[in-house]
Amino acid sequence: MVLAPTPAMDEVTFRSDTVLSDVHLYTPNQRHLMVRLNSMGQPVFLSRFKLLWNQDSWADSGVEAGGLRAVRAEETPPAGTGSLGSPPGSGRTQEEDDLLGDEAQESSPHDVIKIEHTMATPLEDVGKQVWRGALLLADYILSQWGLFQGRTVLELGAGMGLTSIIAATVAQTVYCTDVGADLLTMCQRNIALNSHLTAAGGGVVKVKELDWLKDDLCTDPKVPFSWSEEDVSDLYSHTTILLAAEVFYDDDLTDALFKTLFRLTRKLKNACIAILSVEKRLNFTLRDLDVTCEAYDHFRSALRQLEKLADGRRRFVVEPVDASFPQCLAYERIQQLELWKVLVEPVT
């Protein structure tokens, strides 16, 4: 009997239900360094996302440089470059950066966000990858320094924590939430990998479990990533910003997210704002014999329904966000990426 050769540990096996983020698909192989297997036996890779912003252009837009040190360059890289290479003016090409590897990446640690993640995963594990919507939301946070500075922020469905890490360079406290002990452990590792970035601005990231299908927060101290009474009190007393990036790919989960959003805002003591990022994904279906955007259409429908909800004390105002703000993280900012703002205001 001839045995099939054993695949290398860093060879990702694609199956019919495997999903791969475009962020990883278009990143050169040299950028993905396999570091270990997670508790589920999945290969874990380390990617470095460089901040490629122009300090002068951000100063012109009224953004103050805080915990993150801006890369000085002659021009901001154009949207859609899709390159994670050296900033303009560095004198190195993408290929040279790839050959230099870790040495080039570590030359300026305050300009690099390190994220451990998986790559090709089943649909239920897509939170273990990095998605473009998280990068778009991170860009928005950096363009709205005044809105986030000193605030308490709650991110729903945080995945690998990239957006929460960026938020913590500005905000005072960030509750970085998702479900699954393995996912949350990976997220916690990413928080630790980037603690030098958040510490510079004085921000604190707390990784917690928050299940959209449950009405209450888990406060059982025996459960990993559960909530202490102090954290629950702080969450409801001080949170003014909620975030969610690229979590609208399944209709049932989208419904659960909006129910959670409604439920949480009823318990918050302050008026708040929710900022949601979504990618309008086009799919050809045999049922319709046409290109459709079913998940996106359901998301938009849920937004309209949210506007109609009222509890006598608060109302929801939905507004699109102009995505023309500067891009300081290198990724492909495609036209299908959108940001939506939900203002939760008291009824007068």
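Just so it is clear, the structure is predicted and the values come from calculations on it, not from any experiment.

A. Region of interest: the side chain of Thr198. Along the polypeptide, Thr198 turns up in helix α9 (residues 195-201). Given a relative accessible area of 7%, Thr198 falls into the buried group. What Thr198 contacts, discounting residues up to four positions off in sequence, is Ile165, Ala168, Gly203 and Val205.

B. Geometry of the pairing of strand β6 (residues 152-156). A large share of β6 lies buried, amounting to five of its five residues. With burial as the criterion, each face of β6 is covered, one bearing Thr152, Leu154 and Leu156 and the other bearing Val153 and Glu155. The pairing of β6 with strand β7 (residues 173-178) spans four bridges and is classified as parallel. Bridging across to β7, Leu154 finds its partner in Tyr175.

C. Summary view of the state of the cysteines. Using the criterion set out here, one finds zero disulfides in the structure. Cys187 supplies the cysteine sulfur nearest to Cys176, a cysteine that is in no disulfide, at a spacing of 3.3 Å.

D. Seen up close, the sheet that holds strand β4 (residues 112-117). Taking strand neighbours across the sheet as the criterion, the three strands line up as β2-β3-β4 in an open arrangement whose pairing is antiparallel. Across the chains shown, the open sheet's two edge strands, defined by having one partner strand only, are β2 (33-37) and β4. The sheet shows a mean angle of 30° between the axes of neighbouring strands, direction not considered. By the bridge criterion, six bridges tie strand β3 (residues 43-50) to β4 in an arrangement that is antiparallel. Within β4, the position partnered with Lys50 by the bridge is Val112. Across the sheet, helix α8 (residues 181-193) touches β2, β3 and β4, and the angle it forms with β4 is around 160°.

Calculation notes
Residues numbered from 1 in each chain as written. Predicted model: local features only at pLDDT ≥ 70, side-chain atom pairs only at ≥ 80, totals over all residues. Heavy atoms only, no water. Helix = DSSP H or I, 4+ residues; strand = E, 2+ residues; numbered from the N terminus. Buried < 20%, exposed > 50% of the residue type's maximum accessible area, 1.4 Å probe, protein only. Contact = heavy atoms within 4.5 Å. Pairing = 2+ DSSP bridges. Disulfide = S-S within 2.5 Å. Axes fitted to C-alpha atoms, helices over the stretch in contact; angles between N-to-C directions.

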